[in-house]
Amino acid sequence: MARTEAQAAPAPVGLLAAGQPVPLLGVTVEADVKDFASRVVMTQRYRNSETQPIEAVYVFPLEEGAAVCGFAAVIDGVHVEGQVQEREEAFERYDDALAAGHGAYLLDQERPDVFTASIGNVPPGKEVLVRITYVAELAVEGDDLRFALPTTVSPRYAPADDHKGVGRTPAEALNPPRAWTVPYGLDLTVRIESGSAIRAVESPSHPLRVELDGARAAVRLGARETALDRDFVLIVKRAEAHAPRAWVETDPRGRTVAMVAFQPRFEAAEAPSELVFVVDRSGSMDGTSIAEARNALQLCLRSLTEGTRFNVVGFGSRFEMLFPESRPYDEASLRAASAHVAGLKADMGGTEILAPLQKVLEAPVLPGRPRQVFVLTDGQVTNTDAVVKLVRRHADTTRVFTFGIGAGASHHLVRGMARAGGGAAEFIAPGERIEGKVLRQLGKALAPALTGLKVDWGRARVQSAPFHVPAVFAGGRVVVYGFVEDGALPGEVTLSARGPEGPVSFVAPVPSGAAPAGTLIATLAARATIRDLEEGSSPLHDRRGSLQDRARPDRVKDEIVRLGIEYGLCSAHTSFVAVETRERPVEGEAQLRRVPVALTSGWGNLASDVLSIHSMSAGGPPRAAAAPPPGVFRMARMVPRDHLEEAEASFDVARPVPQASYAAKAPGSAPAARPLDRLVSLQRADGAWDLTDALAQVLGRSLRDLEVKLGPQKKDPEAARALATALALRWLETSAHESESEWSLLAKKARKWLEKCRTRPPGGGTWMDLATATI
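Residues numbered from 1 in each chain as written. Predicted model: local features only at pLDDT ≥ 70, side-chain atom pairs only at ≥ 80, totals over all residues. Heavy atoms only, no water.

Peer 1: Just checking my understanding: could you explain the overall build of the protein for this structure?
Peer 2: Looking only at helices and strands, the protein has 18 helices and 34 strands in total. Across the protein, contacts joining residues at least 24 apart in sequence account for 76% of those joining residues at least 6 apart. Surface summary for the protein: the accessible area is close to 31,100 Å², and the carbon and sulfur share equals 50%. (Helix = DSSP H or I, 4+ residues; strand = E, 2+ residues; numbered from the N terminus. Contact = heavy atoms within 4.5 Å. Areas by Shrake-Rupley, 256 points an atom, 1.4 Å probe, with all protein chains shown as cover.)

Peer 1: What is the right way to look at unusual backbone geometry in this model?
Peer 2: What you tend to see is this: most non-glycine residues have negative phi, and most peptide bonds are trans. In this structure, the amide linkage connecting Ala465 to the following residue, Pro466, adopts the cis form with an omega of 5°. Among the structural elements, Pro466 can be located in the loop between β28 (461–465) and β29 (478–486). The backbone phi angle of Asp35 is positive, close to 55°, even though this residue is not glycine. Tracing the chain through its elements places Asp35 in the loop between β1 (24–34) and β2 (37–47). Not every positive phi belongs to a glycine, and Asn121 is a case in point at roughly 60°. Relative to the elements of secondary structure, Asn121 occurs in strand β8 (residues 114–122).

Peer 1: Could you clarify how one ought to interpret the packing of aromatic side chains in this entry?
Peer 2: When we look at a pair of aromatic rings, we describe it by the centre distance and by the angle of the planes. Under the criterion given, the structure shown has 13 aromatic pairs. Consider the rings of Phe374 and Phe403, whose centres lie 5.9 Å apart with planes at 15°: the pair is stacked. Residue Phe374 is located in strand β24 (residues 371–377), and its partner Phe403 is located in strand β25 (residues 398–405); the two are separated by 29 residues in the primary sequence. Like Phe374, the residue Phe403 is buried in the burial classification. Here a set of aromatic residues connected by ring pairs shows up, and it is made of Phe277, Phe374, Phe401, Phe403 and Phe473. Sitting over the face of the ring of Tyr567, Arg253 holds its NZ or CZ atom 4.7 Å from the ring centroid. (Phe/Tyr/Trp six-rings, centres within 6.5 Å; stacked < 30°, edge-to-face > 60°. Buried < 20%, exposed > 50% of the residue type's maximum accessible area, 1.4 Å probe, protein only. Lys NZ or Arg CZ within 6 Å of the ring centre and 35° of its normal.)

Peer 1: What am I meant to see in the sheet that holds strand β18 (residues 245–250) here?
Peer 2: Pairing between the strands of a sheet is mediated by backbone hydrogen bonds and can be parallel or antiparallel. With antiparallel pairing, the four strands of this open sheet are ordered in space as β18-β19-β29-β28. Two strands lie at the open edges of the sheet, namely β18 and β28, each paired on one side alone. When strand polarity is set aside, the average angle formed by the axes of neighbouring strands in this sheet is 25°. As judged from the six bridges shared by β18 and strand β19 (residues 256–262), these two strands associate in the antiparallel manner. Its bridge partner lying in β19, Trp247 is registered against Met259. Relative to β29, helix α10 (residues 520–534) is tilted by about 100°, and along the sheet it contacts β18, β19, β28 and β29. (Pairing = 2+ DSSP bridges. Axes fitted to C-alpha atoms, helices over the stretch in contact; angles between N-to-C directions.)

Peer 1: I tried to follow the pairing of strand β13 (residues 185–193) on my own but got confused; where do I start?
Peer 2: One ladder, built from nine bridges, connects β1 with β13; its direction is parallel. Residue pairing for β13: Ala31 is matched across the bridge by Val190. Bridge count between β13 and strand β16 (residues 216–221): five bridges; the pairing is antiparallel. In the strand pairing of β16, Thr189 is matched with Arg220.

Peer 1: How should I be thinking about the environment of Glu589 in this particular structure?
Peer 2: One can find Glu589 in the loop between β32 (574–580) and β33 (591–594). Remark: the alpha-carbon pair of Glu589 and Ala99, spanning 490 residues in sequence, is separated by 7.7 Å.

Peer 1: Would you mind going over the sheet that holds β32 with me for this structure?
Peer 2: If you trace the six strands from one edge of the open sheet to the other, you get β6-β32-β7-β8-β3-β33, paired in mixed fashion. Looking at strand neighbours, the two that pair on one side only are β6 (83–86) and β33, the edges of this open sheet. In this sheet, adjacent strand axes meet at a mean angle of 25° when their direction is disregarded. Where strand β7 (residues 103–111) and β8 come together, seven bridges link them in antiparallel fashion. Counterpart to Tyr105 in the pairing with β8 is Ile119. Those strands touched by helix α11 (residues 555–567) are β6 and β32, and its axis lies near 165° from that of β6.

Peer 1: Got a minute to help me understand the pattern of salt bridges in this structure?
Peer 2: Pairs can form between side chains of opposite charge once their charged atoms are near each other. On inspection of all chains with the given rule, the structure shows 44 salt bridges. Between Asp76 and Lys126 there is a salt bridge; the shortest N-O distance is 3.1 Å. Of this pair, Asp76 sits in the loop between β4 (67–75) and β5 (78–81) while Lys126 sits in the loop between β8 and β9 (127–137), and the two are 50 residues apart along the sequence. Relative accessible area serves as the criterion here: at 56%, Asp76 is assigned to the exposed category. We note a salt bridge from Arg87 to Asp108, for which the minimum N-O separation is 2.7 Å. (Salt bridge = Lys/Arg side-chain N within 4 Å of Asp/Glu carboxyl O.)

Peer 1: Help me understand the pairing of β8 in this model?
Peer 2: Two faces belong to every sheet, and in a regular strand the side chains alternate between them. Most of β8 is tucked away, with nine of its nine residues classed as buried. Pairing of strand β3 (residues 54–61) with β8 involves seven bridges; the strand directions are antiparallel. Residue pairing in the sheet places Ala56 in a bridge with Ile119 of β8. The loop that links β7 with its antiparallel partner β8 comprises two residues.

Peer 1: Quick question: what am I supposed to make of the side chain of Glu110 here?
Peer 2: By the secondary structure assignment, Glu110 is in strand β7. Accessibility expressed as a relative area gives 12% for Glu110, which makes it buried. Side-chain polar atoms of Glu110 contact the side chain of Arg168, separated by 2.8 Å. Residues contacting Glu110, with those up to four places away along its chain left out, are Phe115, Thr116, Arg168, Ala173 and Leu174. (Polar contact = N/O pair within 3.5 Å; in protein donor to acceptor, adjacent residues only side chain to side chain.)

Peer 1: Could you clarify how one ought to interpret the nonpolar core in this entry?
Peer 2: Note that soluble globular proteins tend to have their nonpolar side chains buried in a common cluster. Of all hydrophobic cores here, the largest spans 75 residues; its most connected members are Phe374, Leu442, Trp689, Leu691, Leu732 and Trp767. At 11 residues, the largest contribution of residues to this core is made by helix α16 (residues 717–735). With 58 residues, the next largest nonpolar core counts Val80, Val84, Val128 and Phe147 among its residues. (Core = buried A, V, L, I, M, F, W, Y, C linked by side-chain atoms within 4.5 Å.)

The analysis is restricted to geometry; functional conclusions fall outside its scope.
Written out as structure tokens, the structure is:
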């Protein structure tokens, strides 16, 4: 890596100065979604519009679980196929070709969700097409499938240690130059083929054009070309969830490879727990992200039950705990926590996530109350590996549930913490409500999971991945891959586990007959095995991620390199390299051109939506940031900084000034509280509601009219509370039924309170009967 690592220092973190040439013209993505996985082909189009040869370097994101299995370049009709080599060898080959004036093309993994493409020696006036192919599992959300395409690398906070080191530091590698807008855009096509009928295809992130035909769908973006400033998210709603199922194929080496998927359904009663909510309050959370986090926390607080202990921890450059230690859940602690959460702001600086997690995870576990930690963050840090290792070290005592909030959360951080902590991960894009997802996770945390999972492959000897099958929650999904080393697969594969009420098992039938030839399952299986090695959960590691005594320190790297080369995969230790040998090499040293990425939409509540009014042509691609309209924003010269602060001060850029017609709209401001939010905020810790003016207003009635229904029991506090609780439940069922996933837990608590209530309504019947007659 002589030349690349010894380059002149990369552009400092900040916004790109106006006027610098940008060689990337556009990005085209074609994705095929089938059953459980997607195959994506991304084409990046570069052009050298200068009079001298250039080297273009572009840092871009991919799906965190993606298996990058193809890399090729096309120039002047010449197709050059990339090869996977050990990382140092690939860099050396690239450098040699670059120095000799030949075409040189390199794809390198910075993190599992961040890659760098280096396009070397592009002659003046020439164009280069770079094609990157990857496959990935689809995420499951309830019964829906979620396809995500990250499009920009959000500014990532780097702690002091990530600014140190020889060559490029993590702070530099993961923070490319940025601009308010960039002169290239995204063209996207997604083709979907489902195992069951498709009810709908939706996107919370982008307008779509959808053609739906039974179990097939074709999706395009609503605009001809779209800015790459937010993750593209696609939700596929299926008529029915997949039953346990197995897929088998024969790879090009003649090896049988299998994949089994289970989505267990089982009943699990709630158990007393300790819940700690760890909330990102760094500057990048400002705006809708912190507002949605507040709403979600208020809903969580009212969904907790008797016997639970809880705490709230906010973090940024420092951290603060609501209580010195977790406190029992009662009316007093609920009111204190509710007032605290209502005042949460994104005002604590940078994302120092390691220190608060250490404080929470290293605290003694309360007897009889398993600890569950909820982390709500926009996930933009450079020290992901250290965070994941910390969580894994405490996985025996603490389950970790994570939520990636915003338009560009790091999938590697959010999913990595959840995998290491035996929990689950969710992502909330702008436009998606967070409450339902958080409550779904809360339901999982409060109920026991299936543990001790094992896959029975019959008499076949199988190398499986993940090596440690993670715990699964009701409605969750388990995916396990297997390389069949000896013997034949049986007619069915069985998943066994310990459930809340004893041993359980689930059976997936295996297709009969000869396994068809293919590469999809083998590629995903190899990537899952590499991830085990990268994250310290392979057969070479113990449960806490440390190397076993028998393993040499370089054994992990050797195994990753072997798998990467054998299956043609990019990884932490393997890279793609392609060389185009030219009869007439270019002369002179290629000028380095770092491609800027668009600042993530809504990042830190900067007014990017106002900018987009002036920088986007109708239905067309973003204009270059070189000529902003006077008075809208100012692009200042980039200034090197020792520390990336997650606030507007991190950039030497004036805040955009909205035009008069938009002055009343605060970019990123939270929507007004819904009636549901107001109703939730009134619930007591025990599950009941008080009969008050505030409740009557949500119900659309006057307090006097409601009190009349109590008759002679008007002055009985328990009777008034019983009527109020029944009225609130009936309102939820009739006026908020579409949001049931958000209020189901608190409604369950309210019904239990009513069942215990000894007071009966005047005239007989039940309080729910009276509420039905009242509303």
